[in-house]
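A look at the structure
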Amino acid sequence: MTLSDTAPRLDADDRDRVWARDNQRHLALAAAAAAARLDARPDEADEPARAAELLAAEVRETTGLPTALDRLCGLFALTAFERDVLVAVAAPELGLPTATGPVTFARALAALPDAHWSALLPDAPLRGWRLLDVPAQLPPTEFGGLSQLPLAVDERILHALLGADTTDDRLAGRARLVAPVCRLAPGQGAVVASLAALVRPSPGTEGCLLSGEDRLTRRQAVVDAAERIGLTVLAVEGPDLPDTAPAMDTLARLLAREAGLGLRLLLVEGTAETLPRCVRLLAAGAPLGVSAVLSADEAPPGSELPVLRLPPASAGERRDLFAAALTEARLTEDPAELAERHPLTPAGIALAVERTGRLASAPSGRRPGSGNGRPGSERPGSGNGRPGSERPGSGSGRPGSERPGPGDGPSGDEGPRASDVAAACRALAERPLHGLATLRRPAAGLDDLVLPDQANRSLRALLAHVRGRRQVHGAWGYSARDRGLAVTALFAGPSGTGKTTAAEAVAHELGFDVIAADLSQVVSKYIGETEKHLARLFDAAEAGSVLLFDEGDALFAKRTQVRDSRDRYANLEVSYLLQRLETFRGVAILTTNAREAIDPAFVRRMRFVVTFPFPDAEQRALLWAGAFPPGVPTDGLDPRRLAQLAVSGGTIAQLALHAAFLAADEGVPVGMRHVLDAARIESDKLERPLAANEIRGWVPS
């Protein structure tokens, strides 16, 4: 499987031309010798046989390469008898000297030298590696048993005898050659060197397991390792492997054979569910000395494969990777800022920048999905009318809420912007969520909220902690600490006081999306699954989003005394969350209506605890002043009188919406009586009677 150490004396083009010519001559001589013996003309076989041996030595000496037939014999450990059978069967297809009549095992056993019955065995090379095709059993009246059946050469072997660089068409849809994906970080080079040493082709090679980083970055590491040892990479994904044992065995043989024939490094990209099948593939290639790598997030149970772990790129390495990718894509963003806010893998960095570059190179004009500066960020109904202590209607319509990025000009033609690259980075990080969370792209900022000074002060400080991470963690050396680098906050207060809206406003101010955990999907009855789901959420948020656990009491509740197995596993989930918060490097916000239910250990780990009190009359007046979007016609609304009603900001938003529908039904502007009717409807729903002083002066007596 390896090339000769003899240095070629010809340049590449001349070498290939000479090799192809002499390889054809070698096949013709070998076929002539085999045909003469099969036709009972042994005296005519010696001369072409000796000439074939001399020519094979000359080809190796001249080009540094073995002939195709010699390479097949070495790869599959063929005996001289098996070699002659293979050549004799292939000769008619190649237009070479051919024996009279069909070639059968019985005829070969009787006429060829060094014949042995073991060549017919199902696990012998000719049949085990599908070098020859044996037809299904034909009627005894036409042919005898197995040894009497006419043989045919496998098509892929036919191409290999001619030195054609191709891939078995039976692998279409299951295996493919892979191309380079990205640049790796310098710190990952040591693992690539170790990988190249482990998978260098040798008899009985066992392959290895590669973990760490993401699938595409691991793929690039395999491509780099293969290049070091003169191989290309043939990849197959675990979900594409068959379930049944016979089909699996056939595919494993074909893949291992293809890897050997094409000088390929076999890459098997496994998932947790397909790891056992992936391990079987690796075992199938061992007899051929085929190099194989299993790429997976974790080692399969009971596996004895050597394990290499690809380390994550450091902040400085990510900066350099961003800089190189941005330069190649002709984008002018700040690589340090992108590296700090989006700790992607090398493959993620390359994909995000490449996609943004393609978008930037599109014809000028409005790009698809570029409404608010982020590709695909427009959502129906994402503007006004949010519940909570946000001034409804202020949304993205406030002056200055659209931040122009580099490349925005008065002509309206938009060049690539930081928000475009950042959006592509976030999109890559969000792919693994798969229903565990919903993605929100908020439009309202902190200036749109009505909050007490204490809460405003804490939220502004939270923003400062995120924006200053590059200086404090990087320049000032805090990144040397592996723990406690997350920006985490607990938002506590009664329902409707603006906790969720404030979390979204924080994300908007930072230019982040919100990953809102869906607790019904995160929490699983299966042991260990909840922790895996949480790990995916935290990993996605670290790439540049705010992770929101809305009403997260169920996850962050106090640990209890263990009375049964359910208590023990519930406590394990809490313990995992405590550990993950220590190593988390992103932004996470937990909202709750019951702060006393939260485990004290979580409260200690929170960098901010922000209390959202029930709004007072002055704050309610401000909320009512912005309760209706600018397009809603109003008549005589008095925010001061409406503020007499002691309700939360979320309820104010609901009342405004109710009143708008009532007025629209009548075809008149929204007035005080519509709000009064809406308040009565809400009062009936909550079973809370309206006090006379709350609605005094709303309508004439």
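Thresholds, definitions, all that
- Residues numbered from 1 in each chain as written.
- Predicted model: local features only at pLDDT ≥ 70, side-chain atom pairs only at ≥ 80, totals over all residues.
- Heavy atoms only, no water.
- Helix = DSSP H or I, 4+ residues; strand = E, 2+ residues; numbered from the N terminus.
- Buried < 20%, exposed > 50% of the residue type's maximum accessible area, 1.4 Å probe, protein only.
- Contact = heavy atoms within 4.5 Å.
- Pairing = 2+ DSSP bridges.
- Axes fitted to C-alpha atoms, helices over the stretch in contact; angles between N-to-C directions.

Right, let's talk about the overall build of the chain for a bit. On a plain count of helices and strands, the chain comes out with 27 helices and 14 strands. Across the 701 residues that make up the chain, the buried fraction comes to 48%. A sequence separation of at least 24 residues applies to 76% of the contacts in the chain between residues at least 6 apart.

Taken together, six strands build an open sheet; the order of strands is β3-β5-β6-β7-β4-β8 and the sheet is mixed. In this open sheet, the two edge strands, each paired with only one partner strand, are β3 (175-177) and β8 (307-309). Each strand of the sheet is rotated relative to its neighbour by a mean of 25°, with strand direction disregarded. Here strand β4 (residues 208-211) runs beside β8; their pairing, made up of three bridges, is parallel. Residue pairing across strands places Leu210 opposite Leu308, the latter belonging to β8. Of the strands in this sheet, β4, β7 (292-295) and β8 touch helix α8 (residues 189-198), which is tilted by about 160° from β8.

Among the five residues that make up strand β12 (residues 545-549), five are buried, leaving the element largely enclosed by the rest of the structure. Here β12 shows two buried faces, one formed by Ser545, Leu547 and Phe549 and the other by Val546 and Leu548. Strand direction decides the pairing type here: strand β11 (residues 513-517) and β12, joined by four bridges, are parallel. Across the sheet, residue Val514 finds its bridge partner in β12, namely Val546.

Let us now look at the sheet that holds strand β14 (residues 608-611). What the six strands build is an open sheet, ordered β9-β11-β12-β13-β10-β14; its pairing is mixed. Two strands bound the open sheet, and with one partner strand each, they are β9 (437-440) and β14. Neighbour-to-neighbour, the strand axes of the sheet open up by a mean angle of 20°, direction not taken into account. As judged from the four bridges shared by β9 and β11, these two strands associate in the antiparallel manner. Bridge pairing links Arg440 to Val514 in β11. Sheet strands touched by helix α16 (residues 453-467): β10 (487-492), β13 (587-592) and β14. Its angle to β14, the strand with the most contacts, is close to 150°. With respect to the sheet, helix α20 (residues 529-541) is in contact with β9, β11 and β12, its orientation differing from that of β12 by roughly 145°.

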